[in-house]
Amino acid sequence: MASDVQQDIAQTSDIDLMETAIAQAEHARLLAPPNPWVGASLVTQNGSVFVGYTQRPGNDHAERVALRRAGDAARGATLYVTLEPCSHHGRTPPCVDAIIDSSVSRVVVAVVDPDQRVSGAGIEHLRQAGIDVEVGVCAQRVEQQLAPYLHHRRTGLPYVVLKSAATLDGQTAAPDQTSQWITGPEARKDAHRLRAESDAIIVGAGTVRADNPRLTVRDVFAVDGKAPRQPVRVVLGAAPPNAAVRPCVERGGPIDEVLEQLGKDGVVSVLVEGGAHVASQFHHAGVVNRYVVYVAPVFMGGNDGKTIFSGSGAGTISDVFRGTLDGVQQLGNDVRIDIVPTSS
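All of these numbers come straight from a predicted model, not from anything done at the bench.

### A look at the packing of helix α3 (residues 95-102) against helix α4 (residues 121-128)
So, point 1. Relative to each other, α3 and α4 sit at 20°, their axes nearing to 10 Å. Comparing the axis directions of α3 and α4 gives the class roughly parallel. Seen along the crossing, α3 lies across α4 with a hand that is right-handed. Of α4, the residues touching α3 (which contributes V96, D97, I99 and I100) are G122, H125 and L126.
So, point 2. Broken down by class, the residue content of the contact of α3 with α4 amounts to four nonpolar, two polar and one charged.

Listed below in structure tokens is the structure:
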């Protein structure tokens, strides 16, 4: 009975300390890409906790930050990290070397890194050095947190987020094509955060001609107080020579081929901003990993406005797309609704 209680206490401690690492990883979300946004926490033998998160590319990963802060106190400690420590030399030296040199006795990993340069090699390297390694603590939470990175490494394709803003009767623009602004400032700021989390933004040439958008990230800052990097702007078709979206990447052809090339170029996540024709292309191609719809308490009051998707939809109710609700958040006077495909 006593051993069962001790095991429960140890497991609770592992979960709590991994949750601390997960919270640290959120700080890295706008810093680390295209590297994974990873968090770490280290508990010493006397119970002191040191934390870290991955810095901008070319700087320390989460493990090294936590180890540096712990110093000599890392000897005999347990290190918690949301993603398997790297075992290859990229922009920075392998994190497994720093972990081994620190003399920690135990490493707890949430998720194995599917990157073919790692993929279990980091864990094996640690075990060969005599370090106890446990894998899978809070794995589901980290799978969600790192979903774009993990999807890209597993499939070679970018994680696709389709974003739209609509009225309560499902329309995105008035009959005269005007659409600014359906939502309020809080929802628009959140949409800029979505842009900041994306490696690329995709729009159609028709939207560029009609709205002449810049597609830049504004009024969003990383945890270090600096502006996040600007995503690559991708136009499906040809952008006018003087378009505000320039410089941009112009792409044509089937959607799956466009995504395949972006994935090869190292694009981990894309945000599809429309318009309705482009949204339909991605939706019907079955490549959307997450739908984000900002709904305003507004009615167009008719059926002559533009809807989220163009063209023909499901011919019968049995053929409609049914997703899984993955989040609802009120933003000022609007609501953000997150939906993922049920099969995801």
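### Structural notes on helix α6 (residues 147-155)
So, point 1. Listing the buried residues of α6 in full gives A147, P148, Y149, L150 and H152.
So, point 2. Summarising the contacts, the buried residues of α6 are in contact with β3 (78-83), β4 (106-111), α5 (139-145), β6 (159-166), α9 (255-264) and β11 (269-274).
So, point 3. Downstream of α6 by a residue or two, G156 has a phi angle that is positive, lying close to 80°.

### A word on the packing of helix α2 (residues 62-70) against α3
So, point 1. Contact pair α2 / α3: the axes reach a minimum separation of 9 Å and the direction vectors enclose 25°. Judged by the angle between their axes, α2 and α3 are roughly parallel. The interaxial crossing formed by α2 with α3 has left-handed handedness. Contacts between α2 and α3 involve E63, R64 and L67 from the former and C95, A98, I99 and S102 from the latter.
So, point 2. Here the residues of the contact of α2 with α3 are counted per class, giving four nonpolar, one polar and two charged.

### Concerning the pairing of β3
So, point 1. Burial analysis of β3 places six of its six residues in the buried class, the great majority of the element.
So, point 2. Of the strand pairs in this sheet, strand β1 (residues 39-43) and β3 are connected by four bridges, and their pairing is antiparallel. Counterpart to A40 in the pairing with β3 is V81.
So, point 3. Here β3 pairs with β4 via five bridges, running parallel. For V81, the partnering residue across the bridge sits in β4 and is V109.

### A look at the pattern of salt bridges
So, point 1. One pass over the structure, following the stated rule, counts 20 salt bridges.
So, point 2. Note that K163 and E273 form a salt bridge whose closest N and O atoms lie 3.5 Å from each other. Residue K163 is located in strand β6, and its partner E273 is located in strand β11; the two are separated by 110 residues in the primary sequence. Assigned by exposure class, K163 and E273 land together as buried.
So, point 3. Between D326 and R290 there is a salt bridge, and its shortest N-O distance comes to 2.7 Å. Of this pair, D326 sits in strand β14 (residues 323-331) while R290 is found in strand β12 (residues 290-295), placing the two residues 36 residues apart along the sequence.
So, point 4. Judged by its relative accessible area of 40%, D326 is partly exposed.
So, point 5. On the accessibility criterion, R290 (18% relative accessible area) is buried.
So, point 6. Connected through salt bridges with shared partners, the residues D190, R290, D326, R336 and D338 form a single ionic network.

### Examining the packing of aromatic side chains
So, point 1. For the structure on display, the rule yields one aromatic pair.
So, point 2. Judged by centre distance (5.2 Å) and plane angle (55°), the rings of Y291 and F321 are tilted. Taken together, the positions of Y291 in strand β12 and F321 in the loop between β13 (306-307) and β14 put the pair 30 residues apart, joining distant regions of the chain.
So, point 3. Above the ring of W37, the side-chain terminus of R29 is found at 3.8 Å from the ring centroid.

### Some words on the side chain of Q171
So, point 1. Within the secondary structure, Q171 sits in strand β7 (residues 171-173).
So, point 2. Taking the relative accessible area as the measure of exposure, Q171 reaches 3% and is therefore buried.
So, point 3. Apart from residues lying up to four places away in sequence, Q171 is in contact with A165, A166, I182, M300, G302, N303, D304, G305, K306 and T307.

### Details of the sheet that holds β14
Strand pairing in a sheet relies on backbone hydrogen bonds, with the paired strands running either antiparallel or parallel.
So, point 1. Across the sheet, which stays open at both edges, the eight strands sit in the order β10-β9-β8-β11-β6-β12-β15-β14 with mixed pairing between neighbours. Looking at which strands have only one partner, the edges of the open sheet turn out to be β10 (249-251) and β14. Ignoring which end each strand starts from, the neighbouring axes of this sheet average 25° apart.
So, point 2. Of the strand pairs in this sheet, strand β9 (residues 232-236) and β10 are connected by three bridges, and their pairing is parallel. The residue bridging L236 from the neighbouring strand is R251, located in β10.
So, point 3. Along the sheet, helix α7 (residues 185-196) contacts β6, β8 (200-204), β11, β12, β14 and β15 (334-341); its crossing angle with β12, the most-contacted strand, is approximately 160°.
So, point 4. Packed onto the sheet, α9 meets β6, β8, β9, β10 and β11 and runs at close to 160° relative to β9.

Thresholds applied
- Residues numbered from 1 in each chain as written.
- Predicted model: local features only at pLDDT ≥ 70, side-chain atom pairs only at ≥ 80, totals over all residues.
- Heavy atoms only, no water.
- Axes fitted to C-alpha atoms, helices over the stretch in contact; angles between N-to-C directions.
- Helix = DSSP H or I, 4+ residues; strand = E, 2+ residues; numbered from the N terminus.
- Parallel < 35°, antiparallel > 145°, perpendicular 65-115°, else oblique.
- Left-handed = near helix turned anticlockwise from the far one by under 90°.
- Contact = heavy atoms within 4.5 Å.
- Nonpolar A, V, L, I, M, F, W, Y, C, P; charged D, E, K, R; others polar.
- Buried < 20%, exposed > 50% of the residue type's maximum accessible area, 1.4 Å probe, protein only.
- Pairing = 2+ DSSP bridges.
- Salt bridge = Lys/Arg side-chain N within 4 Å of Asp/Glu carboxyl O.
- Phe/Tyr/Trp six-rings, centres within 6.5 Å; stacked < 30°, edge-to-face > 60°.
- Lys NZ or Arg CZ within 6 Å of the ring centre and 35° of its normal.

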